[in-house]
Amino acid sequence: CQFGKQFYELGSTWFADLGPPFGVMYCIKCECIPIQKKRRIIARVQCRNIKNECPKPSCDEPVLYPGRCCKVCPADVE
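As the structure is a prediction and not an experimental result, all values here were calculated from the model. (Residues numbered from 1 in each chain as written. Predicted model: local features only at pLDDT ≥ 70, side-chain atom pairs only at ≥ 80, totals over all residues. Heavy atoms only, no water.)

Chemist: What's the story with the pattern of salt bridges in this structure? I'm lost.
Modeler: Side-chain pairs of opposite charge can arise where the charged atoms are in close proximity. Under the counting rule described, the total for this entry stands at one salt bridge. Ionic pairing is found between E53 and R48, a salt bridge with its closest N-O pair at 2.4 Å. Look at E53 and you get exposed, because its relative accessible area is 52%. Its relative accessible area of 41% is what places R48 among the partly exposed residues. (Salt bridge = Lys/Arg side-chain N within 4 Å of Asp/Glu carboxyl O. Buried < 20%, exposed > 50% of the residue type's maximum accessible area, 1.4 Å probe, protein only.)

Right under this line is the structure:
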């Protein structure tokens, strides 16, 4: 699969990197999936927003750390 200037193997997953000025979108998860087209298999990039899959933090003031999509409680981080 090709996403931007990067190539990925079938079955691999990554976070969408839109380049400057946006950079890596940690809430957009992409994967390279096989698609049956006529009598052959082709690779296709499929991306989805994972923001709605975040668990609800149990504290009053959750924090969003760099490189993460979901806010977490500071006490939950090692």
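Chemist: Sorry if this is basic, but what is going on with a nonpolar patch on the surface here?
Modeler: Residues F15, V24 and Y26 make up a contiguous nonpolar surface patch of roughly 230 Å² in combined accessible area. Summarising the element assignment, Y26 is placed in strand β4 (residues 24–37). (Patch = residues over 30% accessible without salt bridge, like charges linked within 9 Å, V, L, I, M, F, W, Y side chains within 5 Å. Areas by Shrake-Rupley, 256 points an atom, 1.4 Å probe, with all protein chains shown as cover. Helix = DSSP H or I, 4+ residues; strand = E, 2+ residues; numbered from the N terminus.)

Chemist: Which parts of the structure should I look at to understand the UniProt feature "domain: VWFC" (unreviewed entry) in the chain?
Modeler: UniProt's entry tags residues 1–74 with the feature "domain: VWFC" (unreviewed entry), counted in the numbering of this structure. Within the segment residues 1–74, helix and strand shares are 0% and 45% respectively, and the terminal C-alpha atoms sit 37 Å apart. (UniProt positions renumbered as here; feature names shortened; annotations may be inferred.)

Chemist: Sorry, what's going on with unusual backbone geometry here?
Modeler: Across the chain, the bulk of peptide bonds are trans and the bulk of non-glycine residues have phi less than zero. The step from P20 to P21 runs through a cis peptide bond, and the omega angle for that step is 0°. Locating P21 in the fold gives a position in the loop between β3 (13–17) and β4. Of note, K38 is a non-glycine position whose phi angle comes to about 55°, a positive value. You can see K38 is positioned in the loop between β4 and β5 (40–49). For K38, a relative accessible area of 79% gives the class exposed.

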